[in-house]
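Residue-level listing of the chains:
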Amino acid sequence: MSKRRASLASPENKRRKFTDQAQIDSFFSSPKKSTLNSSKSPTPSAKRSSRSSITKSNKPSSSQLTVSSTSREIIDVDLWDSDPVRPAASAEELDAVGPTHDSSPAAKPSVLVMSLSRNEGDFRCPPYETLPQDVSLFKPDPSLFFPPIHIGTKTSSIPYAFLAHTLSEVSGTRSRISIINALTNSFRVILMYDPASLLPAVYLLSNTLSPPYIQIELGLGPSAISQAIQHVSGLSSSALRKLYNKTGDPGDVAVEAKSNMRTLLPHPPLLVPSVYEALLKISKSKGQGASKQRQSIAEKLLVSAKGEETRFLVRTLCQNLRVGAVRTSILTALARAIVLTPLDPQSKLKNPEHSTWYATKTLLDAACPVMEGKPNPSRDTLYAMFKNAETLIRQVFCQHPNYDHIITGLFEVGLDGLAEKVPLTVGVPLYPTLGTPIRSLDEIYERLGDLPFTAEFKYDGQRAQIHAWKTTDDLVKVSIFSRHLEEMTSKYPDVVALVEHMLLSSKAQDFIMDSEIVAIDPSDGSLRTFQELSTRARKDVNLADVQIPVGVFGFDLMYLDGKKLLETDFRQRRALLQTRFPPLNTGSKEMARFDHVERCDSVDGRSAVETFWEKAMDSRSEGLMIKLLDTEIPEHNSDKEISSNRKPLFATYNADKRTFAWMKLKKDYVMEGGVSDSLDLIPIGAWNGNGRKAKFWSPILLGMWDPSSGCAVAVCKCMSGFTDAFYKDLTERYALTEDSDVCSQKPRWDCELGGFRPEVYFKPQEVWEIRGADITISPVSVAAKGLVSSTKGLSLRFPRFIRIREDKVLSQASTPQFLADMYTSQQGRSDKKGGNDEGDLVDADVSDSDVEEEDG
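Under the annotation held in an unreviewed UniProt entry, the protein chain carries the name DNA ligase and is attributed to Armillaria gallica. In its Subcellular location (unreviewed entry) section, the UniProt record describing the protein chain reads: "Nucleus".

Below you can see the structure in the form of structure tokens.
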């Protein structure tokens, strides 16, 4: 079930939902009347009174203070204590200051308001050098980056301002080369100055706090972040709402809200390790008063943050950095930084002269860019070293996705011994191999020719990676992970009971198995729908409460008895799975069933495969998975090195990769006759309907998620596949009212619209499954612009609504790269060539007979 989010019912789902920009709109309250009152300057008497009160009650003398005639208020954050609930200012103290941003008492800051010392709006980040420059030209000299940054003290930790500078540089470009260079050079500076800051920096840059399989929820809701900004800035909720309507981004709101904030004394700068630790402290706050404690920590971070620090700190709290530094870019940059800056645990430079992994100074000097057209062998050597290191670190990460272990391993053994130091480990999930969509059985034989393959049922369930191992006292430990590596062990106690029984009754000591968990009928074992499976509770399920029985269908084995099987051909992995773990049905209601996937091998002949395909079409499975059984060995002859131009295919387990060694043929592809895969798109706008649909929104403007910009990009209009009931519900959900938070006549939310001009704009918050006829080059859409055409984007012809994907969040919607790959695959087929989309769609009326039932 490649299209369904494997963590549908996982406890981490809530955490992931908050990571999308569209989820943040509830960030601020929504008053019916939003006004931003202009602050008035305090009267001279108020200034004198304020200054007098400071001199009497605080350590700084009046000579240490500078009072501006245009000051608004000054928040003496130094008076905050460690108590999450700060003392409110007295009436006399508030009166001494004069009016604040809002005339109502509720709008006043809940901290003591003092006289002017420092204007937050005047702050500028240190003059860091530009980072997106060629790595061979960049000089990571810490003295150029970090002058003494503390007042009267010196620290060796990386200031958060430097990380904010890195994020600013990365967010300011869409060039992948510039992004990689900026991250690489940033890591080099960190490695030279303070290697201990590398791990928290990687987590902060990747917008995570922990590996994906370890549940750490920040637990800081939109209202808490909104109130933190209110308390720190002194702005009212209506003023923040107006700023948000203006900027559309919480980070930008915080920067503007703090632009007039003044503090009594300069604050020590934020440091990368301390910011990361503060976020962990927020996530660990539990019990009574936890919400106030979390908000208090956020406020203290915001008080110390300056300029760009504020922007990216708030985005981090919202868990949406909106930069193009995705996981692949971070791993690539980390690999290059290690090649260029080899360090040992004592932070002393290694001698790279005798290693093929690390670049020497001589090589780096010789690799400087030369005039265009002239070869540079040293530069070729350097980038070959980059490629080797990138391949190694990506492979290690895909098999053991834990930055803590990988960075520790790099410091302890370097690149030379990293694979042995951080191996595939039972209990740590690896990224699953993925199937490439195809359209027909003919394409299978075109791709594979005479190579042996197997066709397996593609079950309509939840993909599950099962880890099991015996402890020293012969107890069995079981962990179950989703396709997205989120742990869901507590969701399936019946599967845990099954796996414990399987391991205890076999001679195996441990294993990692790839499988599909499917709802079944307990009377005869027949398959039930995914919708029924999704009704199971999401976590902490008791065996006695299980209402939907399930079956576990194993289809691959990646690890067995301490031996990694990833490099073993699928035929051998399948044989081990079938012989060591036979089908099991104890008949117990408290234990799931185990079986192997139903299959048909190509050796049985094409007619048998076609019959098996017809059986899949008639079943409750989604279709077929086609898997190469043996690795293809290229033929050599005297005339050519390889007799075919086709790339060799490997029957190994390719973690986190899509290849034609695994292909998926879903019956929807053939029955609909459309594109080779459905798309998960985001409704971001609409027009007023015509005719019978005049009272509804129709058509709907759909977008896809662009991870490089962190926002939705418009791709097509859709008006097919909806029922009247759905139209009515949609129009009610996105009602255009004065105080609506989800529908507006003006573009309030961050979306790239290209040439589309909808009559209303929707807050991006839902994901819909859409299928279409084919993909076309469009002069209106900017989705995937630059990936296929340098001047035009791609669009979907005749899109048709299938269903709402309630199991997906915005960041899991289809991406421009996915659309471009589908277009390329479509162009490679002889029977279909994508045309040009004129970009206009008429909302034609349809008869009642054309309206289909909603897809449940």
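Okay, back to it.
Student: Where do I start with the overall build of the protein chain in this structure?
Tutor: Each helix and strand counted, the protein chain has 26 helices and 25 strands in total. Sequence separation of 24 or more characterises 76% of the internal contacts of the protein chain that already satisfy a separation of 6 or more. Counting every atom, the protein chain has about 36300 Å² of accessible surface; 50% of that belongs to carbon and sulfur.

Student: Can you help me understand unusual backbone geometry in this one?
Tutor: Most peptide bonds are trans, and most residues other than glycine sit at a negative phi. With an omega of 0 degrees, the peptide bond between Ser698 and Pro699 qualifies as cis. Mapped onto the secondary structure, Pro699 falls in strand 17 (residues 697-706). A positive phi angle, near 50 degrees, is found at Asp540, a position not held by glycine. Take Asp540: it is sitting in the loop between helix 21 (530-533) and strand 10 (550-560). Positioned with a positive phi, Asp561 is a non-glycine residue whose angle comes to about 50 degrees. Owing to a relative accessible area of 33%, Asp561 belongs among the partly exposed residues under this scheme.

Student: In this structure, what is going on with the pattern of salt bridges? I would like to understand it.
Tutor: Pairs may arise between side chains of opposite charge once their charged atoms sit close together. Scanning the model with the defined rule gives 32 salt bridges in all. Across the pair Asp514 and Arg463 runs a salt bridge whose closest N-O atoms are separated by 2.7 Å. Here Arg463 lies in strand 7 (residues 462-470) and Asp514 lies in strand 9 (residues 510-519), a separation of 51 residues in the sequence. Residue Asp514 shares its accessibility class with Arg463, and that shared class is buried.

Student: Quick question: what am I supposed to make of the state of the cysteines here?
Tutor: Covalent bonding between the sulfur atoms of two cysteines is what defines a disulfide. Scanning the entire structure with this criterion turns up 0 disulfides. Cys711 takes part in no disulfide bond, and the closest cysteine sulfur to it belongs to Cys751, at a distance of 6.5 Å.

Student: I'm lost on the nonpolar core in this one. Help?
Tutor: Soluble, globular proteins show a tendency: their nonpolar side chains are buried together. Ranked by internal contacts, the top residues of the largest apolar core, which has 97 residues, are Phe187, Leu198 and Leu415. Ranked by the residues each element gives to this core, the list is headed by helix 14 (residues 327-340), at 9 residues. Among residues more than four places away in sequence, those in contact with Leu415 are Ile338, Val339, Trp357, Tyr358, Ala389, Leu392, Ile393 and Leu410. Listed in part, the 43 residues of the second largest apolar core include Ile444, Ile512, Ile520 and Leu629.

Student: Help me out: how do you make sense of the sheet that holds strand 5 (residues 434-437) in this one?
Tutor: Strand order in the open sheet formed by 5 strands is 5-15-14-6-13, with mixed pairing between adjacent strands. Across the chains shown, the open sheet's two edge strands, defined by having one partner strand only, are strand 5 and strand 13 (599-601). Neighbour-to-neighbour, the strand axes of this sheet turn through a mean angle of 35 degrees, independent of strand direction.

Student: How should helix 19 (residues 441-448) be read in this particular structure?
Tutor: Since one α-helical turn is 3.6 residues long, residues separated by three or four positions face the same way. Residues of helix 19 that are buried: Leu441, Glu443, Ile444, Tyr445 and Leu448. Those residues of helix 19 that are buried lie in contact with strand 6 (453-458), helix 23 (606-618), strand 14 (623-628) and strand 15 (658-666). One or two steps after helix 19, the chain reaches Gly449, where phi turns positive at roughly 60 degrees.

Student: Honestly, the packing of helix 5 (residues 160-171) against helix 6 (residues 176-193) in this entry has me stumped. Any pointers?
Tutor: In the contact formed by helix 5 and helix 6, the axes pass within 9 Å of each other and the chain directions differ by 165 degrees. Relative to helix 6, the element helix 5 is oriented roughly antiparallel. By crossing handedness, the relation of helix 5 to helix 6 is classed as right-handed. Listed contacts from helix 6 to Phe162, Thr166 and Val170 of helix 5 are Ile179, Ala182, Leu183, Ser186, Val189 and Ile190. Class assignment for the residues of the contact of helix 5 with helix 6 results in 7 nonpolar, 2 polar and no charged.

Reading guide: rules and limits
- Residues numbered from 1 in each chain as written.
- Predicted model: local features only at pLDDT ≥ 70, side-chain atom pairs only at ≥ 80, totals over all residues.
- Heavy atoms only, no water.
- UniProt positions renumbered as here; feature names shortened; annotations may be inferred.
- Helix = DSSP H or I, 4+ residues; strand = E, 2+ residues; numbered from the N terminus.
- Contact = heavy atoms within 4.5 Å.
- Areas by Shrake-Rupley, 256 points an atom, 1.4 Å probe, with all protein chains shown as cover.
- Buried < 20%, exposed > 50% of the residue type's maximum accessible area, 1.4 Å probe, protein only.
- Salt bridge = Lys/Arg side-chain N within 4 Å of Asp/Glu carboxyl O.
- Disulfide = S-S within 2.5 Å.
- Core = buried A, V, L, I, M, F, W, Y, C linked by side-chain atoms within 4.5 Å.
- Pairing = 2+ DSSP bridges.
- Axes fitted to C-alpha atoms, helices over the stretch in contact; angles between N-to-C directions.
- Parallel < 35°, antiparallel > 145°, perpendicular 65-115°, else oblique.
- Left-handed = near helix turned anticlockwise from the far one by under 90°.
- Nonpolar A, V, L, I, M, F, W, Y, C, P; charged D, E, K, R; others polar.

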